[in-house]
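Given next are the chains, with one letter for each unit.
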Amino acid sequence: METMKVETIAKEIIKPSSTTPNDLQTLQLSIYDHILPPVYTVAFLFYTKDDLISPEQSSHKLKTSLAETLTKFYPLAGRIKGVTIDCNDEGAVFVDARVNNYPLSDFLRSPDFKTLQQLLPLDVIDDPYEAATTWPLLLVKATYFPCGGMAIGLCITHKIADATSISTFIQSWAAMARGEAGDIVADPVFAAANFYPPANELFKFPVDENANKISQITKRFVFSASKLEELRTKAASEDFVGRPTRVESVTALLWKAFVAAASSNTNACDMKLSYETHEPYTVSSWCKLPLYEASFGWGSPVWIAGNVAPMLENVTMLIDSKDGQGIEAFVTLPEENMLSLEQNTELLAFASVNPSVLV
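Residues numbered from 1 in each chain as written. Predicted model: local features only at pLDDT ≥ 70, side-chain atom pairs only at ≥ 80, totals over all residues. Heavy atoms only, no water.

With respect to unusual backbone geometry
Condition: Each helix is a run of DSSP H or I of at least 4 residues and each strand a run of E of at least 2, with the numbering of both proceeding from the N terminus.
With omega at 0°, the peptide bond leading from Trp135 into Pro136 counts as cis. Position of Pro136 among the secondary structure elements: in the loop between α5 (128-131) and β7 (138-144). Note the cis peptide between Ala309 and Pro310, where omega equals -10°. Position of Pro310 relative to the elements: it lies in the loop between β11 (303-309) and β12 (315-320). Positive phi outside glycine occurs at Asn354, with the angle close to 45°. Among the structural elements, Asn354 can be located in the segment after β14 (352-353).

A look at the sheet that holds β7
What counts here: A strand pair is defined by DSSP finding two or more bridges across the two strands. Note on method: axes are straight lines fitted to C-alpha atoms, helices fitted across the in-contact stretch only, with angles between N-to-C directions ranging 0 to 180 degrees. It only takes one pair of heavy atoms within 4.5 Å for two residues to be counted as in contact.
Read from one edge of the open sheet, 6 strands run β1-β6-β7-β8-β3-β11, paired in mixed fashion. The open sheet has two edge strands with one neighbour each: β1 (6-14) and β11. Ignoring which end each strand starts from, the neighbouring axes of this sheet average 15° apart. Two elements, strand β3 (residues 40-47) and strand β8 (residues 150-157), share 8 bridges in a ladder whose sense is antiparallel. Bridge pairing links Tyr47 to Met150 in β8. Seen against the sheet, helix α2 (residues 55-70) touches β1, β6 (92-99), β7 and β8 and runs at an angle of roughly 165° to β7.

Topic: the state of the cysteines
Rules: Cysteine sulfur atoms that pair up within 2.5 Å are treated as a disulfide. Only protein chains enter the accessibility calculation, which uses a 1.4 Å probe; a residue whose area is less than 20% of its type maximum is buried, one above 50% is exposed, and one in between is partly exposed.
Applying the stated rule across the entire model yields 0 disulfides. There is no disulfide at Cys87, and the cysteine sulfur nearest it, in Cys155, is 20 Å away. We classify Cys155 as buried; its relative accessible area is 0%.

As for α2
Heads up, the rule is: To estimate how far a helix should extend, the number of its residues minus one is multiplied by 1.5 Å.
Here α2 is 16 residues long and its end C-alpha atoms lie 22 Å apart, about the 22 Å a rise of 1.5 Å per residue gives. Turning to α2, its buried residues number three or more, namely Ser58, Ser59, Leu62, Lys63, Ser65, Leu66, Ala67, Thr69 and Leu70. Check the buried side of α2 and you find it contacts β1, β6, β7, β8 and α6 (163-178).

Description of a nonpolar patch on the surface
Put simply, the test is: Nonpolar side chains (Val, Leu, Ile, Met, Phe, Trp, Tyr) within 5 Å and like charges within 9 Å form the patches, drawn only from residues with over 30% relative accessible area and no salt bridge. With residues, only the protein chains shown are counted as cover, and all accessible areas are computed by Shrake-Rupley using a 1.4 Å probe. Here, a salt bridge means any side-chain nitrogen of Lys or Arg that lies within 4 Å of a carboxyl oxygen of Asp or Glu.
A cluster of nonpolar side chains, Tyr32, Phe195 and Tyr196, forms an exposed patch at the surface whose accessible area comes to about 390 Å². One can find Tyr32 in helix α1 (residues 31-35).

So, the pairing of β3
The element β3 is extensively covered by neighbouring structure, given that 8 of its 8 residues are classed as buried. Residue alternation in β3 divides its side chains into two sets, Tyr40, Val42, Phe44 and Phe46 and Thr41, Ala43, Leu45 and Tyr47, and both sets are buried.

Notes on the pairing of strand β9 (residues 216-223)
Among the 8 residues that make up β9, 6 are buried, leaving the element largely enclosed by the rest of the structure. Two strands pair when backbone bridges link them, and β9 and strand β13 (residues 327-334) are joined in this way by 8 bridges, in the antiparallel orientation. Following the sheet pairing, Thr218 is matched in β13 by Thr332. Examined bridge by bridge, β9 and β14 share 2 bridges and lie antiparallel to one another. Considered in β14, the bridge of Val222 is made with Ser352.

Description of the packing of helix α9 (residues 225-235) against helix α10 (residues 246-264)
Operational definition: Each angle gets one of four labels, with under 35 degrees taken as roughly parallel, over 145 as roughly antiparallel, 65 to 115 as roughly perpendicular, and the rest as oblique. Note on residue categories: nonpolar means Ala, Val, Leu, Ile, Met, Phe, Trp, Tyr, Cys or Pro, charged means Asp, Glu, Lys or Arg, and polar means any other residue, Gly included.
At a closest axis distance of 9 Å, the pairing of α9 and α10 adopts a crossing angle of 80°. The angle between α9 and α10 falls in the class roughly perpendicular. Note on element contacts: α10 touches α9 through Arg246, Ser249, Val250 and Leu253, opposite Leu228, Leu231 and Arg232. Counted by class, the contact of α9 with α10 contains 4 nonpolar, 1 polar and 2 charged residues.

Side note on the sheet that holds strand β2 (residues 26-28)
What the 3 strands build is an open sheet, ordered β2-β5-β4; its pairing is antiparallel. Of all the strands in the sheet, just β2 and β4 (79-81) have a single pairing partner and so form its edges. The average undirected angle you get between the axes of adjacent strands in this sheet is 30°.

Here we look at the environment of Gln325
Here Gln325 lies in the loop between β12 and β13. Separated by 268 residues in sequence, Gln325 and Gln57 have C-alpha atoms that sit 34 Å apart. Look past the residues within four positions of Gln325 in its chain and what remains in contact with it is Ala225, Leu228 and Arg246.

Some points on α9
Just so we agree on the cut-off: Working note: the arc is built from the helix axis to C-beta atom directions.
Where α9 is concerned, the buried positions are Leu228, Leu231 and Arg232. Looking straight down α9, one finds that the buried residues subtend no more than 100° of arc, so they occupy a single side. Where α9 is buried, its residues contact β9, α10 and β13.

Some points on the pattern of salt bridges
Per the stated rule, a full pass over the model turns up 17 salt bridges. Taking the shortest distance from any N to any O, the salt bridge between Arg109 and Asp106 comes out at 2.8 Å. Residue Arg109 and its partner Asp106 are both found in helix α3 (residues 104-109); the two are separated by 3 residues, about one turn of the helix. Using a relative accessible area of 46% as the deciding quantity, one classes Arg109 as partly exposed.

This is how it looks when you write it as structure tokens:
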């Protein structure tokens with residue numbers, strides 16, 4: 001099969017449609033913001049063809065509504081300077097791109113995560129790690145497929161945005177594009193430093209010199225609604241354990257599989273789980289976030305994916321399937337561990353590896 005090729009058409013800086021007031025131009029970061037890794041929280045939204053609107057019209061609507069949305073989310077148009085954000089209306093990056101040789105339906109038949117990265121706008125900056133801690137804090141890429149479908153790739157620095165934040169931003173932006181922002185979405189409040197101690201430049205989080213030196217790979221595991229019910233029933237116990245949630249069931253099964261995969265590639269003497277030698281595994285749930293409601297005026301997304309970029313080691317994102325009942329797990333592991341994980345019979349009894357996205 002031919003490899004998908006994404007061509008950048010244009011790059012533009014989108015500034016807020018109105019100037020940020022003087023009293024809001026400096027935002028204090030919290031200590032929690034300060035110690036987060038220098039990566040972006042990313043989301044991918046895929047839409048099928050709409051015959052009533054052209055790519056040029058879609059792009060114009062996205063840019064115009066983004067400028068209006070940035071007046072509410074003004075820190076995203078600023079620049080991080082040490083432990084504060086200078087909300088100077090410097091702007092966000094917007095990239096238009098196209099795929100000439102690959103219809104969206106072919107991509108969704110077996111969505112490859114490596115190919116998925118081409119739909120992010122990070123190729124227009126030199127160093128994503130540095131950018132995530134300085135500028136730009138928000139990047140968007142709208143990619144148009146030859147069939148008329150489109151993908152929106154969104155990156156917001158993890159220093160000020162988690163999954164809930166990116167969902168809130170997307171809902172606000174989509175409502176603005178539909179002309180419904182005032183009726184649906186409340187204004188955001190940037191108050192992390194009111195709940196956590198303010199960041200201090202003297203505090204430096206320890207840097208793992210070996211981080212990102214091991215080759216990582218991300219794979220998609222899909223748990224259907226029926227398989228999740230089986231898993232929840234199996235995990236429940238009348239005497240000791242109540243009926244677990246979907247997220248609890250999937251997380252427990254994945255952690256068990258992660259330990260098995262790591263053990264198969266590690267000497268037994270290296271598994272005492274001591275503080276110095278243990279490897280942390282993070283499972284982050286995006287479930288119940290209304291990402292599939294993000295209509296910009298051309299219908300709801302047919303598929304949603306999410307992660308962080310650049311990739312972090314041993315991180316898994318859980319996202320609702322389109323029906324709201326299943327769960328899609330985007331798992332990032334060292335390559336050798338992933339090979340073992342994909343052969344775990346207990347995991348495969350409940351999950352399918354990268355099935356076709358039903359449109």
